[in-house]
Amino acid sequence: TFFGSVALLNNTRQIAEVNIASSSTYSERLLPSIHFMLQVNVLGIKDVEGFAVAAGPGSFTGIRIGLSTIKSLSFASGKPVAPVSSLEALALKLKNERGNLVCPLIDAKKGQIYAALFDSRGKRLKEMISQGVYSPDYFFSLLPSRKIISFIGNGVLVYKDRIIRYCRDRARFSSRSFFIAKEVGLLGYEILKKNKGLKGDQIQPFYFRKSQAEENY
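Keep in mind that this is a model prediction, so the values were computed, not measured. (Residues numbered from 1 in each chain as written. Predicted model: local features only at pLDDT ≥ 70, side-chain atom pairs only at ≥ 80, totals over all residues. Heavy atoms only, no water.)

Asker: Would you explain the side chain of Arg29 in this entry?
Answerer: Position of Arg29 relative to the elements: it lies in helix 1 (residues 27-40). Here Arg29 sits buried without a salt bridge, and the closest side chain of opposite charge, Glu28, lies 6.7 Å off (N-O distance). Among the polar contacts made by the side chain of Arg29, one reaches the main-chain carbonyl oxygen of Ser22 at a distance of 3.0 Å. Ignoring sequence-local partners within four residues, the contact set of Arg29 consists of Thr1, Phe2, Gly4, Ile20, Ser22 and Ser24. (Helix = DSSP H or I, 4+ residues; strand = E, 2+ residues; numbered from the N terminus. Buried < 20%, exposed > 50% of the residue type's maximum accessible area, 1.4 Å probe, protein only. Lys, Arg positive; Asp, Glu negative; His and termini not counted. Salt bridge = Lys/Arg side-chain N within 4 Å of Asp/Glu carboxyl O. Polar contact = N/O pair within 3.5 Å; in protein donor to acceptor, adjacent residues only side chain to side chain. Contact = heavy atoms within 4.5 Å.)

Asker: Would you mind going over the environment of Ile70 with me for this structure?
Answerer: Assignment of secondary structure puts Ile70 in helix 2 (residues 60-77). Residue Ile70 is classed as buried on the basis of its relative accessible area of 12%. Distance from Ile70 to Asp201, taken between C-alpha atoms, is 10.0 Å for residues 131 residues apart in sequence. Beyond its immediate stretch of four places on either side in the chain, Ile70 contacts Phe51, Ala52, Val53 and Val81.

Next comes the structure, spelled out in structure tokens:
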């Protein structure tokens, strides 16, 4: 999406974050953002003990840029990587707000959405509707009736009227930003501290559907 971010955490404590909303290619701002964040904290890339990356779903180009960057940093430093779902990271932003059900939505273009439904009670998010790519009407028809649901993500900007049509006064729309670097870091930390991080060349994207090039092949 237009919302690109990087963050630096010490365990679960956020030290720094750089957020940029821009239509420019993410490759133009990702490495400068990382460099700036480390520079102001007087750190080098070798001081980082592990990496977390949003491996998808999202734009195919954006995912490839993020993964190739993290793979390079992992290879250069020898440090592990935790791949994280961008949908789960979005949902985590609303974990401590009122209401138990959280629905992250990412516009997948072509009249589709990347979506899931999470129960935010307990220490970890519980997946109630599986993460995947859906037609909006089909996904919204799966949402439970008579339950308050909090929505977040750029898919809300596209399909808000349709959400209201299905959920009526049960829908809650978050005012939180769509930057997820901190939440990716928190989810990644849980993976890394269990020694379940992967080598850079083991990381696979969470696409949920074929790219346009694959569909045309």
